[in-house]
Structures are given as structure tokens and as C-alpha cells.
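Residues per chain, in single letters:
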Amino acid sequence: MADQKIYQASTTAPVNIAVVKYWGKRDAKLNLPTNSSISVTLSQADLRTHTTAACSASFPTSDSLLLNSSPQDVTGARTQACFRELRSLRAALEASDSSLPKLSALPLKIVSENNFPTAAGLASSAAGFAALVRAIANLYDLSSSPTELSRIARQGSGSACRSLFGGYVAWQMGTKDDGSDSLAVEVAPASHWPTMRALILVASAKQKKVSSTSGMQTTVATSELFQRRAEVVVPKHMEEMEKAIKEKDFEAFGKLRLFWFGVKWNISLTWSSDVSWAAVGVVEDINRKAGKIVAAYTFDAGPNAVIYYEEANTDIVAGVVKGALGSVSGWESQDIKAQASDVLDAADV
Ligand code: ADP
Ligand code: DP6
Ligand code: CO
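Residues numbered from 1 in each chain as written. Chains lettered and ligands numbered in written order. Predicted model: local features only at pLDDT ≥ 70, side-chain atom pairs only at ≥ 80, totals over all residues. Heavy atoms only, no water.

Colleague: I tried to follow the layout of surface pockets on my own but got confused; where do I start?
Modeller: Here the idea is plain: a probe the size of a water molecule rolls over the atoms and shows the empty space left. Counted as a void, the largest pocket has a volume near 1,000 Å³. Every residue lining the largest pocket is counted, 45 residues in all, and those nearest its centre are Ala 119, Ser 124, Ser 125, Phe 129 and Ser 157. Breaking the lining of the largest pocket down by element, the ones donating at least two residues are β2 (16–20), β7 (64–67), α1 (77–96), β9 (108–114), α2 (124–139) and α4 (212–222). Broken down by element, the lining of the largest pocket gets its largest block of residues, six residues, from α2. Split into classes, the residues belonging to the lining of the largest pocket amount to 18 nonpolar, 20 polar and seven charged. (1 Å grid on protein atoms, 1.4 Å probe; cavity = no way out; pocket = protein on both sides within 12 Å on 5 of 7 lines; lining within 4 Å. Points joined across faces, edges and corners; volume = space filled by probe spheres on them. Helix = DSSP H or I, 4+ residues; strand = E, 2+ residues; numbered from the N terminus. Nonpolar A, V, L, I, M, F, W, Y, C, P; charged D, E, K, R; others polar.)

Colleague: Is there a simple way to think about the environment of Leu 183 in this case?
Modeller: Mapped onto the elements of the fold, Leu 183 is located in strand β11 (residues 183–188). The spatial distance from the C-alpha of Leu 183 to the C-alpha of Leu 32 is 9.7 Å, given a sequence separation of 151 residues. Excluding anything up to four places from it in sequence, Leu 183 contacts Thr 147, Ser 150, Arg 151, Ala 170, Trp 171 and Gln 172. (Contact = heavy atoms within 4.5 Å.)

Colleague: What exactly am I supposed to notice about the sheet that holds β9 here?
Modeller: Strand pairs in the sheet, formed through backbone hydrogen bonds, run parallel or antiparallel to each other. The five strands lie next to each other as β1-β6-β9-β7-β8, forming an open sheet whose pairing is mixed. The sheet is open, and its two borders are formed by β1 (7–14) and β8 (70–72), each paired with just one other strand. Sheet twist, expressed as the average angle between the axes of neighbouring strands with direction ignored, equals 20°. Relative to β8, β7 runs antiparallel, the two being bridged by three bridges. Opposite Leu 67, over in β8, you have Ser 70 as the bridge partner. (Pairing = 2+ DSSP bridges. Axes fitted to C-alpha atoms, helices over the stretch in contact; angles between N-to-C directions.)

Colleague: Would you explain the sheet that holds strand β5 (residues 37–41) in this entry?
Modeller: Pairing within the open sheet is antiparallel, and its four strands lie in the order β2-β5-β10-β11. Looking at the sheet topology across the chains shown, the edges are occupied by β2 and β11. Ignoring which end each strand starts from, the neighbouring axes of this sheet average 35° apart. As defined by bridge partners, β2 adjoins β5 across four bridges and the pair is classed as antiparallel. Its bridge partner lying in β5, Asn 16 is registered against Thr 41. Across the sheet, helix α3 (residues 146–156) is in contact with β10 (168–172) and β11; its angle to β11 comes to roughly 130°.

Colleague: I tried to follow the packing of α1 against α3 on my own but got confused; where do I start?
Modeller: Each pair of packed helices gets described by two things: the angle between the helix axes and the distance between those axes. Relative to each other, α1 and α3 sit at 155°, their axes nearing to 7 Å. For the element pair α1 / α3, the angle class is roughly antiparallel. On α3, the residues touching Arg 78, Ala 81, Cys 82, Glu 85, Leu 86 and Leu 89 of α1 are Glu 148, Leu 149, Arg 151, Ile 152, Gln 155 and Gly 156. (Parallel < 35°, antiparallel > 145°, perpendicular 65-115°, else oblique.)

Right, dumping it as C-alpha cells:
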């Protein structure tokens, strides 16, 4: 009788919030971006995905994924690409060592939970696909580096490649058609600038009407400024942002107008919320009063604001934001406070 054993491994992965945004694909199948990007990985103590990957000959023959207790379609090209790449790495291991169980041939059962709003513009696809890829890599006992796993996670969701690292992370867009050089790398560990804080303002935890994928496709198809941003603006911002991070220069970090272009082009049509604009106003007031940039706001593809600040300014930023927005109705939650963090395999259970 075939081995009926259940093999399983679990992991957690953090959210990352970009400070130079990925927006636009040059290859939608491989999730190859039109520009490089940089993000800060947030602490898993606050926002995280927990994923268990299991495989067994006793499972139903097709692969499955349960996300927050709801069955998901795994036949999509993105999830399939991750499964295929990981299976082929496992198959290569099995081919080199015949004593290994043939896990690559078994159906996969993935169970995942996000402890924060899914598909609401808080990077659930980033934490989600990073966790999925790492859980399966652990299950298959792969020794792949985070950069190698980033190549696979990127095919699930572009931003996921950056969640394989902690701290300050760049996704280098690469130039090759096969995507082999479109990878995430560490810019600096979290310990390099440990005083960085993020305040996450949840204007709406509801699923957004337009996914990140289709939002960026609309921009690519309709924006005349898009190409200029990718070719001229972002390369300059990448350089300036890396320098700001290396020098721990918050003013330079915040000056890069984290309130990105896409807000006006897409979010105002599809994702915006009045309360999001209130957050923008409060941050601008704080900076005006301080006489310098002490708070930097940013939005991903959704209405929820993330405000970066340094720990020493907690009272004049986080304190003031919470106080000021308390009088603006519509906030579902104002108090997820996160820290930049390193991703550790020690978080595996
Ligand atoms: P977000 O702004 O939250 O990243 P996206 O539109 O980019 O929104 O992606 C949301 C999609 O990501 C979900 O509909 C789901 O398909 C996928 N996703 C989110 N969390 C997970 C997870 N934990 N495991 C697998 N896929 C996930
Ligand atoms: C605004 O990575 O969610 O958060 O690759 O289509 O899954 P897909 O998109 P996704 O887009 C993220 C867009 C962003 C900016 C960023 O994270 O860099
Ligand atoms: Co996403």
C-alpha cells in the first residue's frame, strides 16, 4: 500500500509596504515589473500570514488552498506557477537522492490565515504568497536562498518577492525575458534603522473592488505619464531612497513623496475614501508644525494609510494622528503600530 503519511510544514510571513512602488508589468504572466521598487518589511508581531503546507497520498487528488477558512481557486496561473516551480526543485532533490519520499508527486493542501484585512490594500498578496512559497519550500526541505524563493513568490504576486526578506528590501526589476534576474535583495537589515515605525490606519477592511493587478493594468493602458515614471522618475527615486535608507535620513526618506502618483490616477476613481484624505491632511499639518518632515504617508492599492515616522517622534506623529482622526468618523481602526522587522525562520512553528 502506498505511503499514506501526511507531511507538513508551517511558516509565517510579514507584510511589506513599498516606499518606491511597483506599478505596472512588462510581462503579466511572469509578473515582471516595469520598474524596480523598495519596501520596508513590517513586524510579524502585528501583521502576518500564517500558512501550513501539507501533502499526502491520502489527500484528494487535486491541490487545494483554504484562505481564512474559504476554499480558493488554485487553478489560476499565479498559484500554479508557484506550485510548479517548487515541485520541480523538489523533484530534482528526489532525483539526486532515491531515499527521499516522492513528495513532488503528491497533492498539496495549503491552509492560510491572514491576521489583517485581505485584499484591502494592506499587502495581503505579499505576505500571502511569501508564506505560501516558504511553507512549501520547508515542506519539501529545499535549501533555496530567500532570493531564489523571491523569484518564485514574485510569480504569485509581484510584491510578495520582497516579503521573503526583513528590513529594507529592493526588488530589482531585471532585464531578462525569463525573469531570472527579477529578484528581491536586502538593502539593509531592520537593525540598521531600528527606530523606524509605521502606523497603519484602516479606513476600510473590506475587499477592494479593483485588484492591484487590474488597477495597474488600467494605468499602463491609459496613462500618458506612466512610461516617464518608469523610465525617468523611478530610477532616480530608487537611488535617492537607497541613499536615504543607508544614511538613515528621514527627511530624504519622507521627501520622496510616498503619496504616490497612482493615488490620483486610480485610487481616486476606485479605492478612495474621504477618511484617507483626512489622514493626508493630518500628516501635512504635523510636518508643517514640526518645520520638517517627521511623518511620511503612503497608500498601497487601497484606502488604508501607512504613516512612517521615527520612534523619537511617536508623540508628535502617532499621538497627534490618533487624536486628530478620532474626530473624523469612518475609521474602522486607527491603531496598528508596526515596527520594521527582520524575517526569521525562527518564526516557523
Ligand atoms: P492586497 O492589497 O491585499 O495585496 P491584492 O489585490 O494584491 O490585494 O491581492 C489580494 C489577493 O491575494 C487575494 O484575493 C488572494 O487571492 C491573494 N492572497 C491574499 N492572502 C493570501 C494568502 N494568505 N495566501 C494565498 N493567497 C493570498
Ligand atoms: C501598490 O504585488 O499586489 O502595493 O503582482 O498583480 O499581485 P500583483 O500586484 P501586487 O501590487 C502591489 C502594488 C503596490 C505597490 C508595491 O507593493 O510595490
Ligand atoms: Co497585493
